[in-house]
Amino acid sequence: MQGGEERNFMSTSHQHSEHSGAHQAAGADHTQHTDHGGHEGHSHGDHQGHGHEHGHGHGHGHGHGDHAAMFRSRFWWSLLLSVPVVIFSPMVADLLGYGVPEITGSSWIPPVLGTIIFIYGGTPFLQGGWSELKSRQPGMMLLIAMAITVAFVASWVTTLGIGGFDLDFWWELALLVVIMLLGHWLEMRALGAASSALDALAELLPDEAEKIIDGQAHTVPVSELAVDDIVLVRAGARAPADGTIVEGSAEFDESMITGESRPVFRDKGERVVAGTVATDNTVRVQVEAIGGDTALGGIQSMVAEAQESSSRAQALADRAAALLFWFALIAALITAVVWAIIGSPSDAVVRTVTVLVIACPHALGLAIPLVIAISTEQAAQSGVLIKERMALERMRTIDAVLFDKTGTLTEGAHAVTGVATVEDISKGQLLAVAAAAEADSEHPLARAIVKAAEDHAEASQEQLHSSDFSAAAGRGVQATVDGAEVLVGGPNMLRELELATPGVFDAQVEEWSQRGAGVLHVVRDGQIIGALAVEDKIRPESRAAVQALQEQGVKVAMITGDATQVAEAVGEELGIDEVFAEVLPQDKDSKVTELQERGLAVAMVGDGVNDAPALARAEVGIAIGAGTDVAMESAEVVLASDDPRSVLSMITLSRASYRKMIQNLIWASGYNIIAVPLAAGVLAPIGVVLSPAAGAVLMSLSTIVVAFNAQLLRRIELDPARLAPTSH
């Protein structure tokens, strides 16, 4: 199949007004199509120089990354310093049965290096503990701070020979700091895996604008724009503010706002939105809203608010740590009082210090971070990126999944889904003729027809020559194909040509129209030779995803701006429980609220910036990888692939990781519940006393058990294709 050798892109302006008429039922807007000849040259040049220097809110989302780097650095240095502390510790030497290496001044190695570890490695915990103390919300930081402070003071008392106590905790102090730094590093790394949504939103706005002053364009910072200013938006540039076109017309790429890939034609008097790109022509826009008052600014504010708001549920480890803090503190006070009363002040000090030191279990510090780290790693291998750890906890409780239709359950691009022909024409021949006529067009419907021909065994072998391509105003496209005049268009073209659909495929065309597909007829030398159904094709994985979710007791809903007829046809084909059709972008989050008011916990799956408020409103926001960068930055979970079955991977992982968290917390806390009373000397009357050394060993064993249990997550099946196989 051969098209004309030269493509006159600019001659095809508005060529598919008829295609629009054929496809409006499918929710597509092609009323004014202009080919993208001018688009090729700019190659997203509007991004150049954008970097991270401009001032549209950058820097909001780097906290987790900065914290991860801080904990990583302190972990490695503390680990390095802890090695000689452990080797030169008399308590460790006694436990392992070796002699401490005799070097001049070796007895001072543990206290000196231990002090450095306490100050350098322990500072984050001491600061965090002080903050928790001031806010009267004891948690993990205060528990760690208490343990290392008591160990530090007791060890120096022993080193200096004060009171004759044997409380050499330098090695325990060093290992405790190292393991807690490791746990927090893993946690921060998991939380900071992606940059802030605010950075991605900010990059949609240009730094400068071309303001019209006395008829001339002057470059000014965007911050200096005011309402009613006139700005020049050149082809390939982004609109700096919301406004109305006062001169010119252009097709605008609004994909970064709507998630829809098709450019939208905007004429004089129509509104444009900040951040959208004029793809082909230069226009003048009168500013109506700037900064935070723009549509993009409103979305940015909602995303920022959602990010900064605290979770309704505290992290499991923090809850456990708060309980253990009070348990350890009360146990220590009781220990001190009881042993003092029975007349053994020395034992009172030793027992109390031991209780406070071992009350901070290493295992608890790793219980959650290890599960999060392994979960995120396993999820990434299955096409799921977890950005918010609380999403792990919430996803297991989801009652309903709300899918955005376009680009999520469907491919978000047109495809030929049906071919009907008259008796003496094969489907392959019809596709070849239609593709040859459309060869010089860049319209999405034309591209769909050309691709269908390329993929068809017979059509791809046809060698047809097309010439004299032109847009048939109000009808579709027209070209000469191997000497015959060929037109491709919808119902309006047939009415103008006074042609009727042949009865041989009349029923087929009616069925296409009823389900909302766009119908294009192919006319050759005045005779209809066939028709094509063109629509947004449903992903083959969508049906399996919906069915598998329903089998797990999860309600499946779909939301779209498309016409009710189209939406219901897709919903019926996929077996979706509830369909929300003709929903405006700004109203999507209200549908999430509607489901929540019925008592359902909702996971929202979307792909556009306008989905960001709905993603924030839902219990779990999930962005699909085919969508915009901002949608992916806004969500708590990102599906790296286009496969909607990855939602199942997330639910499976959520339930499995939550089980591991609970198991690890039970083990880590259970160690404390048993070890603290023994360290306090509850069984001392019968000769059972937990020494500081034995307590430290048990603590290490507990850590090993927790680490091993977390590793079992690697055995869980998360492959979407296996969780919900597609039927062939």
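That block above? That's the structure.
Calculation notes
- Residues numbered from 1 in each chain as written.
- Predicted model: local features only at pLDDT ≥ 70, side-chain atom pairs only at ≥ 80, totals over all residues.
- Heavy atoms only, no water.
- Helix = DSSP H or I, 4+ residues; strand = E, 2+ residues; numbered from the N terminus.
- Buried < 20%, exposed > 50% of the residue type's maximum accessible area, 1.4 Å probe, protein only.
- Contact = heavy atoms within 4.5 Å.
- Phe/Tyr/Trp six-rings, centres within 6.5 Å; stacked < 30°, edge-to-face > 60°.
- Lys NZ or Arg CZ within 6 Å of the ring centre and 35° of its normal.
- Pairing = 2+ DSSP bridges.
- Polar contact = N/O pair within 3.5 Å; in protein donor to acceptor, adjacent residues only side chain to side chain.
- Patch = residues over 30% accessible without salt bridge, like charges linked within 9 Å, V, L, I, M, F, W, Y side chains within 5 Å.
- Areas by Shrake-Rupley, 256 points an atom, 1.4 Å probe, with all protein chains shown as cover.
- Salt bridge = Lys/Arg side-chain N within 4 Å of Asp/Glu carboxyl O.
- Expected span 1.5 Å × (residues − 1).

Peer 1: Looking at this structure, how should I read the overall build of the protein chain?
Peer 2: The helix and strand inventory of the protein chain stands at 27 helices and 22 strands. Each of the 728 residues in the protein chain was classed as buried or not, and the buried ones make up 54%. Expressed as a percentage of contacts within the protein chain between residues at least 6 apart in sequence, the contacts between residues at least 24 apart total 71%.

Peer 1: Is there a simple way to think about the packing of aromatic side chains in this case?
Peer 2: To describe a pair of aromatic rings, one takes the distance between the centres and the angle between the planes. Using the criterion set out here, one finds seven aromatic pairs in the structure. On the numbers, 6.2 Å between centres and 45° between planes, the contact of Trp108 with Trp156 is tilted. With Trp108 in the loop between helix H3 (90–96) and helix H4 (109–121) and Trp156 in helix H6 (residues 140–159), this residue pair connects regions lying 48 residues apart in the sequence. Judged by its relative accessible area of 23%, Trp156 is partly exposed. Residues Phe325 and Trp326 carry aromatic rings whose centres are separated by 5.1 Å and whose planes lie at 75° to one another, so their mutual orientation is edge-to-face. In this structure an aromatic cluster arises from ring pairing among Trp108, Phe118, Phe152, Trp156 and Trp170. In this structure, Arg396 packs its charged tip against the face of Tyr658, placed 3.4 Å from the ring centre.

Peer 1: Just checking my understanding: could you explain the pairing of strand E14 (residues 476–481) for this structure?
Peer 2: The two faces of a sheet get side chains in turn, since along a regular strand they alternate between them. Taken across its six residues, E14 has five buried, putting it largely inside the fold. Bridge analysis of E14 against strand E15 (residues 484–489) gives six bridges, and the strand direction is antiparallel. Each residue of the ladder has a partner; that of Ala479, found in E15, is Val486.

Peer 1: Looking at this model, I keep getting lost on the side chain of Ser78. Mind explaining?
Peer 2: Topologically, Ser78 is positioned in helix H2 (residues 63–87). Residue class for Ser78 comes out buried when judged on its relative accessible area of 0%. Here Arg74 takes part through its backbone oxygen, which lies 2.7 Å from a polar atom of the side chain of Ser78. Excluding its chain neighbours within four sequence positions, the residues that come into contact with Ser78 are Ile117, Tyr120, Gly121, Val177, Val178 and Leu181.

Peer 1: Help me understand a nonpolar patch on the surface in this model?
Peer 2: A cluster of nonpolar side chains, Trp326, Ile330, Ile334, Val337, Val338, Ile341 and Ile342, forms an exposed patch at the surface whose accessible area comes to about 720 Å². Position of Trp326 among the secondary structure elements: in helix H11 (residues 316–341).

Peer 1: Help me out: how do you make sense of unusual backbone geometry in this one?
Peer 2: Among all residues save glycine, negative phi is the norm, and among peptide bonds the norm is trans. Residues other than glycine seldom take positive phi values, yet Asp482 does so here, at roughly 50°. Positionally, Asp482 belongs in the loop between E14 and E15. Exposure remark for Asp482: the relative accessible area of 48% places this residue in the partly exposed category. A positive phi angle, near 50°, is found at Asp525, a position not held by glycine.

Peer 1: Help me understand the environment of Met650 in this model?
Peer 2: By secondary structure assignment, the location of Met650 is in helix H25 (residues 646–680). For the pair Met650 and Arg396, spaced 254 residues apart in sequence, the C-alpha to C-alpha distance is 8.6 Å. Beyond its immediate chain neighbours, meaning those up to four positions away, Met650 contacts Val384, Ile386, Ala391, Leu392, Met395 and Val637.

Peer 1: Would you mind going over the sheet that holds strand E8 (residues 277–278) with me for this structure?
Peer 2: Hydrogen bonds between backbone atoms are what pair the strands of a sheet, whose relative direction is either parallel or antiparallel. Strand order in the open sheet formed by three strands is E6-E5-E8, and the pairing between neighbours is antiparallel. For this open sheet the edge positions go to strand E6 (264–266) and E8, each flanked by a neighbour on one side alone. Across two bridges, strand E5 (residues 250–253) lies against E8 in antiparallel orientation. Bridging across to E8, Asp253 finds its partner in Val277.

Peer 1: It is not clear to me how the sheet that holds strand E1 (residues 208–213) should be interpreted in this structure. Could you clarify?
Peer 2: If you walk across this open sheet you meet the six strands as E2-E1-E3-E9-E4-E7, and the pairing is antiparallel. Both outer strands of the open sheet, strand E2 (216–221) and strand E7 (271–272), are each paired with one neighbouring strand and no more. In terms of strand pairing, E1 meets strand E3 (residues 230–233) through two bridges, oriented antiparallel. Looking at the pairing, Lys211 lines up with Val231 of E3.

Peer 1: Would you mind showing me how to read the side chain of Thr421 here?
Peer 2: If you trace the backbone, Thr421 turns up in strand E12 (residues 410–421). According to the relative accessible area criterion, Thr421 is buried, its value standing at 17%. Here Ile425 takes part through its backbone oxygen, which lies 2.8 Å from a polar atom of the side chain of Thr421.

Peer 1: In this structure, what is going on with helix H17 (residues 444–455)? I would like to understand it.
Peer 2: Residues spaced three or four apart along an α-helix point in a common direction, a consequence of the helix completing one turn every 3.6 residues. Across its 12 residues, H17 extends 16 Å between first and last C-alpha, which sits within 8% of the 16 Å expected from 1.5 Å per residue. All buried positions along H17 are accounted for by Leu445, Ala446, Ala448, Ile449, Val450, Ala452 and Ala453.

Peer 1: Quick question: what am I supposed to make of the environment of Ala239 here?
Peer 2: With respect to the helices, strands and loops of the structure, Ala239 is situated in the loop between E3 and strand E4 (242–247). With 33 residues separating them in the primary sequence, Ala239 and Val272 have C-alpha atoms 7.4 Å apart. In contact with Ala239, other than residues within four places in its own chain, are Pro206, Val233, Val273, Ala274, Gly275 and Thr276.

Peer 1: What exactly am I supposed to notice about helix H5 (residues 123–134) here?
Peer 2: In a regular helix each residue adds 1.5 Å, so 12 residues correspond to 16 Å; H5 covers 16 Å between its end C-alpha atoms and thus fits that length. Backbone geometry just after H5 places Arg136 at a positive phi near 55°.

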